[in-house]
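Inside the fold
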Amino acid sequence: MKKMYYGMGPRKFLEWILFAVFLLFFYGPLMNMLSLSFAGEYEYPDVIPPFPLVKDIVGYLKMCHSILPIKR
């Protein structure tokens, strides 16, 4: 951060920080809404909702692992 501050100058660095804060303030709730829209089900205390696709992928990997021949 120190290199960035001195490389950009104090005014540009402040603009960069304010822009980053704006992005977090504006796009944070939108990203949450996007993740909730693809959730199969959602319970209140969950921060990140469970996605059915992740369960399918994990189940597929377990199935592939169980049917693969194991060489010893």
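A brief report on the enclosed structure follows. (Residues numbered from 1 in each chain as written. Predicted model: local features only at pLDDT ≥ 70, side-chain atom pairs only at ≥ 80, totals over all residues. Heavy atoms only, no water.)

Enumeration according to the criterion identifies 2 salt bridges in this entry. A salt bridge links Glu 15 to Arg 11, with the nearest nitrogen and oxygen atoms 3.8 Å apart. With Glu 15 and Arg 11 both in helix α2 (residues 10-37) and 4 residues apart, the pair spans about one turn of that helix. Given a relative accessible area of 38%, Glu 15 falls into the partly exposed group. In this structure, Lys 12 and Glu 15 form a salt bridge, with 3.8 Å as the shortest nitrogen-oxygen distance. Placement of the pair is Lys 12 and Glu 15 together in helix α2, with a separation of 3 residues, close to one helical turn. (Salt bridge = Lys/Arg side-chain N within 4 Å of Asp/Glu carboxyl O. Helix = DSSP H or I, 4+ residues; strand = E, 2+ residues; numbered from the N terminus. Buried < 20%, exposed > 50% of the residue type's maximum accessible area, 1.4 Å probe, protein only.)

Compared with the 40 Å implied by 1.5 Å per residue over 28 residues, the 40 Å span of α2 between its first and last C-alpha is a close match. Its maximal kink placed at Tyr 27, α2 deviates by approximately 35°, while the proline Pro 29 follows within four residues. (Expected span 1.5 Å × (residues − 1). Bend = angle between axes of the 7 residues up to and from the residue.)

Moving on to the packing of aromatic side chains. Overall, the coordinates contain 3 aromatic pairs when judged by the stated rule. For the pair Phe 26 and Tyr 27, a centre-to-centre distance of 5.0 Å together with 85° between the ring planes defines the contact as edge-to-face. By relative accessible area, Phe 26 is classed as partly exposed at 42%. (Phe/Tyr/Trp six-rings, centres within 6.5 Å; stacked < 30°, edge-to-face > 60°.)

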